[in-house]
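One letter stands for each residue in the lines below.
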Amino acid sequence: MEIMLYIAALIAAIAFVVLVVYVIITLKATKQTLNDVSGTVQGLEKQMQGVTSETTQLLNKTNRLADDINHKSAKLDGLFEGAKGIGDTVSDFNQTLRQLSSVISRNSKEDQEKAAQAVKWGASIFEYWNKRKSK
């Protein structure tokens, strides 16, 4: 029986050694997988840093562009205000010209009537003068 006990201990020791060998193989495979994952994560981190810096540059350019557009838009606002002022001035000038034209037209009609009256008087005086000369 003693031999059986030794055989059982020997089988248990062999089983333990096989178990340890399989655990070592599994741990080595796990270590390699973890190294691969670590390399992939480091590569992703570098790519993310590149994307982050490019995104920051793009955001800075976008902000500068927006500032430039706002600045130019403010200048255009002044230009449009000036154009509106010119339009108002031209409109006022046109109104003044209409009023002046109306006054001139009215005065011209009155002057025509006075001139016609003067011509009639002149013609009457000239006729009277000619009649007196003839006598």
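Refer to the structure above for everything that follows.
1. Points about the overall build of the chain
On a plain count of helices and strands, the chain comes out with 1 helix and 0 strands. Whereas a compact globule of 135 residues would reach a radius of gyration of roughly 14 Å, the chain reaches 56 Å, over 25% beyond that. Its C-alpha atoms put the chain at 190 × 25 × 15 Å along the principal axes. Within the chain, the proportion of its 135 residues that are buried is 0%. Only carbon and sulfur atoms are counted for the fraction: they give 65% of the accessible area of the chain, which is about 12500 Å². Separation between the mean location of the 17 positive side-chain charges and that of the 14 negative ones in the chain comes to 19 Å.

2. With respect to the pattern of salt bridges
Evaluated as defined, the whole model comprises 2 salt bridges. Between Asp-68 and Lys-72 there is a salt bridge; the shortest N-O distance is 3.2 Å. One end of the pair, Asp-68, and the other, Lys-72, are both in helix α1 (residues 2-134), 4 residues apart, so they sit about a helical turn from each other. Asp-88 serves as the salt-bridge partner of Lys-84, at 3.3 Å between the closest nitrogen and oxygen. Note that Lys-84 and Asp-88 are positioned in helix α1 at a spacing of 4 residues, about one turn of the helix. Asp-88 gets classed as partly exposed once you look at its relative accessible area, which sits at 38%.

3. So, the environment of Leu-27
Mapped onto the elements, Leu-27 comes out in helix α1. The class for Leu-27 is exposed, based on a relative accessible area of 55%. In this structure the C-alpha to C-alpha distance between Leu-27 and Val-90, which are 63 residues apart in sequence, comes to 91 Å.

Basis of the calculations
Residues numbered from 1 in each chain as written. Predicted model: local features only at pLDDT ≥ 70, side-chain atom pairs only at ≥ 80, totals over all residues. Heavy atoms only, no water. Helix = DSSP H or I, 4+ residues; strand = E, 2+ residues; numbered from the N terminus. Rg over C-alpha atoms; globule rule 2.2 N^0.38 Å. Buried < 20%, exposed > 50% of the residue type's maximum accessible area, 1.4 Å probe, protein only. Areas by Shrake-Rupley, 256 points an atom, 1.4 Å probe, with all protein chains shown as cover. Lys, Arg positive; Asp, Glu negative; His and termini not counted. Charge placed at Lys NZ, Arg CZ, Asp CG, Glu CD. Salt bridge = Lys/Arg side-chain N within 4 Å of Asp/Glu carboxyl O.

Function-wise, these values are silent; they only describe arrangement.
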